[in-house]
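Residue strings, one per chain:
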Amino acid sequence: MAEPLLSVRGLSKRFGGLVATDLVDLEVGEGETLAVIGPNGAGKTTLIGQLSGDIAPDAGTIRFRGEDITTLPTPARSQRGLARSFQITSIFKEFTALDNVALAVQAHAGHSFRFWTPARTEPVLRAPALEVLEQVGLGARAAVVAGTLAHGEQRQLEIAMALASRPRLLLLDEPVAGMGIDESQRMVRLLRTLRRQHTIVLVEHDMDVVFALADRISVMVYGRVIASGAPETIRANPEVRRAYLGEEVTP
Amino acid sequence: MGQRARTMTLLAGFLVLGLVPVVAALANQPFYLDLFRRIMIFAIAAVSLDLILGFGGMVSFGHAAYLGIGAYAVAIPAFYGIHSGAVQWGLAVVLSGLIALAIGAVSLRTSGVSFIMITLAFAQMLYYLGISIDAWGADDGMRLARRSDFGGVLDLTNAYVFYYVVFALLVVLLGLGRRLIDARFGLVIRSAKSNEPRMRAIGFSTFRYKLTAFAIAGGVCGLAGALLANQTEYLTPSYMHWTRSGDIMVMVILGGMGTLYGPVLGAVVFLLLEDILSAWTVHWQVVLGPLLVLIVLYARQGLYGLLPGATSRNG
């Protein structure tokens, strides 16, 4: 079998006495959606941070598209096709929605040592950006200053910025965090349209979202992956139920 | 409407600066020529600082270092008999740009208060270097034997010619600045100020862009330094003193951080206040202080934000 798109071996990170990730092994194949679930403080966001390059692991390796990227900085990983969204909305608040996405396009359109042409008049940046905004359902909001968008719209913008780089792997950190039911359902519909065409690693608390999207689920507790498998297997796993599902999902 | 009002305001401002020599000649007050030339020179320095401070979010507290390097780049060749303006000014821009590159390469590895302190420390190092070199005047400084020489093309000893040279440089630099901040490069440094982790996540190695902006700002301020040496016909290490860095920073904040023309306005108001009030009292900053506090508290875009038609450039 060919090497999976992403493979993680023995990934470990401790903050002082706290073990955030403990010998984590993961594999994600092309086109697959892997959900990582677990109670608060299980190390999920730390895991995403290590995959994206924002947090340096203490031990372990991360291989992406056959290359060891364990020590690569964040921008270099983005250039290789790894895009992330943030748990706490992270956008350029003073700029319009279209500006935000066009910037993500610009990041992958050669160097930016260009000092003369107004970037906002460059069709090679604006057209793809608008296309992605329309894809996530924000086409009509392109000219709105991002900081004034509704919370749900800002979350959609997060996804749009990740998509604009045409990534091979999407790392989504709690994409429905803080959303109402309507917003959350809209986000799930959007994410469903992204499955298959994109490989996704999803960290999420909301079990309905996880079961609606995931091909496979890994369960983290206290920094360790205690179980991995198809959604039905995970649902039925007694250890998982005791550690996590029992608290939130009734059978 | 806002757009038009702003254009008119800007044109009026430039018209005033352009007509100062005429008024000075009619009123037979050559002093105004001198004052407004000095104002425009500091406006260039302030605009260069605003590129990194206001647009790039890099709070450099050592910007006067480049003013000093630019001045030395004129005075030292002159001391050894090289008066060519092309050589002196070229040297001023290149040298201060390169030194900014080196200082930035170290400083930009830090952020926040550390960045402020490290840029301040570098500038003070250069200041103390300046006062320790006896051959070049040490802390007394040295007179500039003559102004930069541009052959038969421009005669800087003519106060009017010199004035319009500075005026033209200011206008050209503002024009280039306008292009830069809206071009890809400008959007990168402005967005890095807004949200650097996001910039890195979407694939920008922000360091190289910030460093380039830092070097450009240094180079432009070096040019201002070369002009300043010609203006005062004197070189003193005090051009690099940290209080001078503070003055330039105050001009930027007063005029409006992150606006292109604000620092020009800031330089005008700061130096006019200094000129008018210091005739009454040496403690003229007693007036400046409260004004600055009011601006910081109530006018997010400084004095420029209070002008008719001024709007946020980001929208």
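Residues numbered from 1 in each chain as written. Chains lettered and ligands numbered in written order. Predicted model: local features only at pLDDT ≥ 70, side-chain atom pairs only at ≥ 80, totals over all residues.

### Description of the overall build of chain B
Within chain B, the secondary structure is distributed over 13 helices and two strands. Over its C-alpha atoms chain B spans a radius of gyration of 19 Å, differing by no more than 12% from the 20 Å that the globule rule assigns to 315 residues. (Helix = DSSP H or I, 4+ residues; strand = E, 2+ residues; numbered from the N terminus. Rg over C-alpha atoms; globule rule 2.2 N^0.38 Å.)

### A short note on the overall build of chain A
Looking only at helices and strands, chain A has nine helices and 10 strands in total. The C-alpha extent of chain A, read off along each of the three principal axes, is 60 × 40 × 40 Å. Buried residues in chain A amount to 44% of all 251 residues. Within chain A, contacts between residues at least 6 apart in sequence are counted, and of these 66% link residues at least 24 apart. (Buried ≥ 20, exposed ≤ 12 C-beta atoms within 10 Å, placed from the backbone. Contact = placed C-beta atoms within 7 Å.)

### A short note on the interface of chain A and chain B
On the chain B side, the residues contacting the 30 residues of chain A number 23 residues. For the side of chain A that touches chain B, the secondary-structure elements that each account for two or more residues are helix H2 (74-79) and helix H3 (97-107) of chain A. Of the residues that constitute the side of chain A that touches chain B, the class distribution is 14 nonpolar, 10 polar and six charged. (Nonpolar A, V, L, I, M, F, W, Y, C, P; charged D, E, K, R; others polar.)

### Comments concerning helix H11 (residues 262-277) of chain B
All names here are of chain B. For H11, spanning 16 residues, the distance from its first C-alpha to its last is 22 Å, which sits close to the expected 22 Å at 1.5 Å a residue. The set of residues buried in H11 consists of Gly-262, Pro-263, Val-264, Leu-265, Gly-266, Ala-267, Val-268, Val-269, Phe-270 and Leu-271. For H11, the secondary structure elements touched by its buried residues are helix H2 (30-55), helix H10 (242-255) and helix H13 (302-306). (Expected span 1.5 Å × (residues − 1).)

### What to know about the confidence of the model for chain B
When pLDDT is averaged across chain B, the result is 94; 98% of the residues are at 70 or more. What the predictor reports for the complex is a pTM of 0.94 with an ipTM of 0.92. (pLDDT = per-residue confidence, 0-100.)

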